[in-house]
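# Commentary on secondary and tertiary structure
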Amino acid sequence: GGGVNGMCSEPALNGDGRYVAYTSQADNLLTGDTMRRLDVFVFDLQSQTTELVSVNRFGGFANGHSHSPQISQDGRFVLFWSKANDLAEFVPLKENLFLRDRWAGTNYTLTTLGVAQMQPVMTPDGRYIAYAGYASLVDFRSLVYVWDSRLAGRIYTNLATPAAMTYAAALT
């Protein structure tokens, strides 16, 4: 019999329920997966197709675990954490935050110094993402950052604020 041969968890639905993003260690969801790592996928309930979201920059499976997906309301953007260093260029081998634009087929690295252990938040349309990240390799303050998906870049950080540690990121 067919069926998934590994754990599947952390489901996230888009706004109309068409797409479900999830984490899986199964190696029989897509052809060519032989690594048994945690990967992030999106299943399209309408077309009954599975798409690898944690795809490396060469089009294959990432070289590290990926998990904790969030998906935008329209299903275009998927935010996730990964220990892979081949999802984009110049990513150190530590856990970082990534954004996949499924329509453009592009990965964006939101952090390169690791992610503070806080939950990132994304607006329903996927345009803005707020998260806590480290200031530098020697300054382990957790700072708030805001990413703009339309501009494909960071638009805010409270790095200049001489305040104490920042413990949460939230958009209102």
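All of these numbers come straight from a predicted model, not from anything done at the bench. (Residues numbered from 1 in each chain as written. Predicted model: local features only at pLDDT ≥ 70, side-chain atom pairs only at ≥ 80, totals over all residues. Heavy atoms only, no water.)

## A look at the overall build of the protein chain
When you go through the protein chain residue by residue, the secondary structure sums to zero helices and twelve strands. Counting from the amino terminus, the protein chain carries its helices and strands in the arrangement β-β-β-β-β-β-β-β-β-β-β-β. Expressed as a percentage of the 172 residues in the protein chain, the buried residues total 47%. Looking at the protein chain alone, contacts between residues at least 24 apart form 37% of all its contacts between residues at least 6 apart. Accessible area for the protein chain stands at about 8600 Å²; split by element, carbon and sulfur atoms hold 55% of it. (Helix = DSSP H or I, 4+ residues; strand = E, 2+ residues; numbered from the N terminus. Buried < 20%, exposed > 50% of the residue type's maximum accessible area, 1.4 Å probe, protein only. Contact = heavy atoms within 4.5 Å. Areas by Shrake-Rupley, 256 points an atom, 1.4 Å probe, with all protein chains shown as cover.)

## Side note on the pairing of strand β2 (residues 19–24)
In terms of burial, β2 is a largely internal element, six of the six residues being buried. Across the two faces of β2 the burial is the same, with Tyr19, Ala21 and Thr23 and Val20, Tyr22 and Ser24 all buried. Where strand β1 (residues 8–13) folds back on β2, the antiparallel hairpin that results is connected by five residues, among which Gly17 adopts a positive phi of roughly 80°. In the sheet, β2 pairs with strand β3 (residues 39–44) via six bridges, with the strands oriented antiparallel. Residue pairing in the sheet places Tyr19 in a bridge with Asp44 of β3. (Pairing = 2+ DSSP bridges.)

## Observations concerning the sheet that holds β2
What the four strands build is an open sheet, ordered β1-β2-β3-β4; its pairing is antiparallel. One side of each edge strand has no neighbouring strand; the edge strands of this open sheet are β1 and β4 (49–52). Taking each pair of neighbouring strands and ignoring which way they run, the sheet shows an average axis angle of 25°. (Axes fitted to C-alpha atoms, helices over the stretch in contact; angles between N-to-C directions.)

## A few points about the sheet that holds strand β8 (residues 106–109)
Across the sheet, four strands lie side by side as β5-β6-β7-β8; this open sheet has antiparallel pairing. Edge strands, defined here as strands with exactly one partner in the open sheet, are β5 (66–71) and β8. Averaged over all pairs of adjacent strands, the angle between their axes in this sheet comes to 25°, without regard to strand direction.

## A few points about the pairing of strand β10 (residues 128–134)
With five of seven residues buried, β10 is to be regarded as a mostly interior element. In terms of strand pairing, strand β9 (residues 121–122) meets β10 through two bridges, oriented antiparallel. The residue of β10 that forms the bridge with Met122 is Ile129. Where β9 hands over to β10, the hairpin turn is made up of five residues, of which Gly126 adopts a positive phi near 80°. In the sheet, β10 pairs with strand β11 (residues 142–148) via seven bridges, with the strands oriented antiparallel. Across the sheet, Tyr131 pairs through a bridge with Tyr145, a residue of β11.

## Notes on unusual backbone geometry
The backbone of Ser68 sits at a positive phi, close to 60°, despite the residue not being glycine. Although it is not a glycine, Ala152 sits at a positive phi angle of roughly 55°. Relative to the assigned elements, Ala152 resides in the loop between β11 and β12 (153–157).

## Looking at the confidence of the model for the protein chain
Segments scoring low in pLDDT should not have their predicted coordinates read at a detailed level. Of the residues in the protein chain, 85% have a pLDDT of 70 or more, and the chain-wide mean is 85. Low pLDDT, under 50, characterises residues 161–172; the predicted model gives this stretch 21 contacts beyond four residues in sequence or across chains. (pLDDT = per-residue confidence, 0-100.)

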